[in-house]
Amino acid sequence: MNVYVYPTDWSWYGFLSTQPQLDEVNFWRPGGKQAFTRLTAGDLLLFRLRSPASAIAGGGFFVHFSFAPLIKAWEAFGVKNGTPDYESFLRLIASYKELGEHPERAADSTIGCVILAAPFFLPRAQWHPVPGDYPINNPQGHRYDAA
C-alpha cells in the first residue's frame, strides 16, 4: 500500500471539512492534462495544507482518476468538489488556471478528477507535521510506502 501526501487547497479543505457524512470527494487537479498515476485503488491520499499550517489534516482512499469537463465534474459531484455552488467552483478553478477577471473561460476546460472514498478531516489538534523528507515546494506531492 502507498500513501501519497498532496498539497491541498485551503478553501476546498475548509468547505468539505464542514460537510457531514461525505462518502466521497473529488480531489481535483485543475490542469486537466496530466494523468494521476501515483496510486492504485485503496491507497491513501493525505491532505497537506499549505503554509502557514504546512500540516497533514486529513485524507481519503483512492478510487479512480479520470479527466472531465468542468461542468460534468460539477454534475457528478456537486458540493463534493469543495464549493457550495457551480459559480464558486468555476471561480476557484479559474484562479488556478490564472484566468483572473475571466472565470467564464474556465467553463470549457477539463480538470483531472481524483476520486477519494471515505474522506476524513482531522480536528486541528490532530493535524500532523509533514515528513522531514517531504518536498514542500513540490506542487505534485510525494508518495511513500506505507510500510
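Only a predicted model underlies this, so the values are computations on that prediction, with no experimental measurement involved. Counting of residues starts from 1 at the beginning of each chain's written sequence and follows it residue by residue. The predicted nature of this model means local features are confined to residues of pLDDT at least 70 and side-chain atom pairs, given and counted, to a pLDDT of 80 or more, with totals for whole chains, interfaces and linings taken over all residues. Side-chain metrics in this entry use all non-hydrogen atoms of the structure; hydrogen atoms and water are not considered.

Chemist: Got a minute to help me understand the environment of A107 in this structure?
Modeler: Among the structural elements, A107 can be located in the loop between α3 (86-96) and β5 (110-121). According to the relative accessible area criterion, A107 is partly exposed, its value standing at 27%. For the pair A107 and I71, spaced 36 residues apart in the sequence, the C-alpha separation amounts to 7.0 Å. What A107 contacts, discounting residues up to four positions off in sequence, is L70, Y86 and L90. Secondary structure elements are taken from DSSP: a helix is a run of H or I of four residues or more, a strand is a run of E of two residues or more, and numbering for both begins at the N terminus. Accessible area is worked out with a 1.4 Å probe on protein chains only. A residue is then buried under 20% of its type maximum, exposed over 50%, and partly exposed in between. We call two residues contacting when some pair of their heavy atoms lies within 4.5 Å.

Chemist: Is there a simple way to think about the packing of aromatic side chains in this case?
Modeler: Ring pairs (aromatic) are described by centroid distance and by the angle formed between their planes. The rule is short: rings of Phe, Tyr and Trp, with Trp giving its six-membered ring, pair when the centres are within 6.5 Å, and they are stacked under 30 degrees, edge-to-face over 60, tilted in between. Enumeration over the complete set of coordinates arrives at 19 aromatic pairs. An angle of 80° between the planes, with centres 6.2 Å apart, marks the rings of Y13 and W127 as edge-to-face. Of this pair, Y13 sits in helix α1 (residues 10-16) while W127 sits in the loop between β5 and β6 (128-129), and the two are 114 residues apart along the sequence. Residue classification places Y13 among the buried positions, given a relative accessible area of 6%. Ring geometry for F27 against F47: centres 5.5 Å apart, planes inclined by 15°, an arrangement best described as stacked. Note that F27 is positioned in the loop between β2 (24-26) and β3 (44-49) and F47 in strand β3, a separation of 20 residues in sequence. In this structure, F27 and F47 share a single accessibility class: buried. An aromatic cluster of at least three residues, connected via ring pairs, comprises Y4, Y6, W10, W12, Y13, F27, F36, F47, F62, F121 and W127.

Chemist: Explain the pattern of salt bridges to me, please; I cannot follow it from the model alone.
Modeler: We count a salt bridge whenever a side-chain nitrogen from Lys or Arg sits within 4 Å of a carboxyl oxygen from Asp or Glu. Applying the stated criterion across every chain, the model contains two salt bridges. When the shortest N-O distance is used, the salt bridge between K72 and E75 registers 3.5 Å. Residue K72 and its partner E75 are both found in helix α2 (residues 70-77); the two are separated by three residues, about one turn of the helix.

Chemist: Help me out: how do you make sense of α3 in this one?
Modeler: Residue pairs three or four apart in sequence face the same way in an α-helix, which turns once every 3.6 residues. Within the sequence span of α3, burial applies to Y86, S88, F89, L90, L92, I93 and A94. Residues of α3 that are buried sit in contact with α1, α2 and β5. Two N or O atoms count as a polar contact when they lie within 3.5 Å, although within protein this holds only if one can serve as hydrogen donor and the other as acceptor, and sequence-adjacent residues are included solely when both atoms are side-chain atoms. Looking at where α3 begins, the residue whose side-chain oxygen comes 3.3 Å from the main-chain nitrogen of E87 is D85. E98 sits one or two residues past α3 and shows a positive phi near 55°.

Chemist: Is there a simple way to explain the packing of α2 against α3 in this structure?
Modeler: In helix packing, the relevant descriptors are the interaxial angle and the interaxial distance, both defined with respect to the helix axes. The axes used here are C-alpha line fits, helices contributing only the stretch in contact, and every angle between their N-to-C directions lies in the interval 0 to 180 degrees. Viewed as axis vectors pointing N to C, α2 and α3 meet at an angle of 135°, and their least axial separation amounts to 11 Å. It follows from the interaxial angle that α2 and α3 lie oblique. For the pair α2 and α3, the sense of crossing is right-handed. Contact with α2, carried on its side by L70, I71, A73 and W74, involves Y86, F89, L90 and I93 of α3 and no other residues of that element. Note that Gly is not counted as nonpolar here; it falls among the polar residues with everything else outside the nonpolar set of Ala, Val, Leu, Ile, Met, Phe, Trp, Tyr, Cys and Pro and the charged set of Asp, Glu, Lys and Arg. Within the contact of α2 with α3, the residues separate by chemical class into eight nonpolar, no polar and no charged. An angle below 35 degrees is treated as roughly parallel, one above 145 as roughly antiparallel, one from 65 to 115 as roughly perpendicular, and anything else as oblique. Less than a right angle of anticlockwise turn of the near helix away from the far helix marks a crossing as left-handed, whereas a clockwise turn marks it as right-handed.

Chemist: Is there a simple way to explain the nonpolar core in this structure?
Modeler: Where a protein is soluble and globular, its nonpolar side chains tend to be buried together. F36, L45 and F89 are the most contacted members of the largest nonpolar core, which totals 38 residues. Listing elements by their share of this core, those giving two or more residues are β1 (2-8), α1, β3, β4 (55-69), α2, α3 and β5. The leading source of residues in this core is α3, at six residues. Not counting chain neighbours up to four residues away, the residues in contact with F36 comprise Y4, Y6, R29, L45, F62, F65 and V114. Listed in part, the eight residues of the second largest apolar core include L44, L46, I56 and V130. Buried Ala, Val, Leu, Ile, Met, Phe, Trp, Tyr and Cys residues that are joined via side-chain atoms within 4.5 Å together make up what is termed a nonpolar core.

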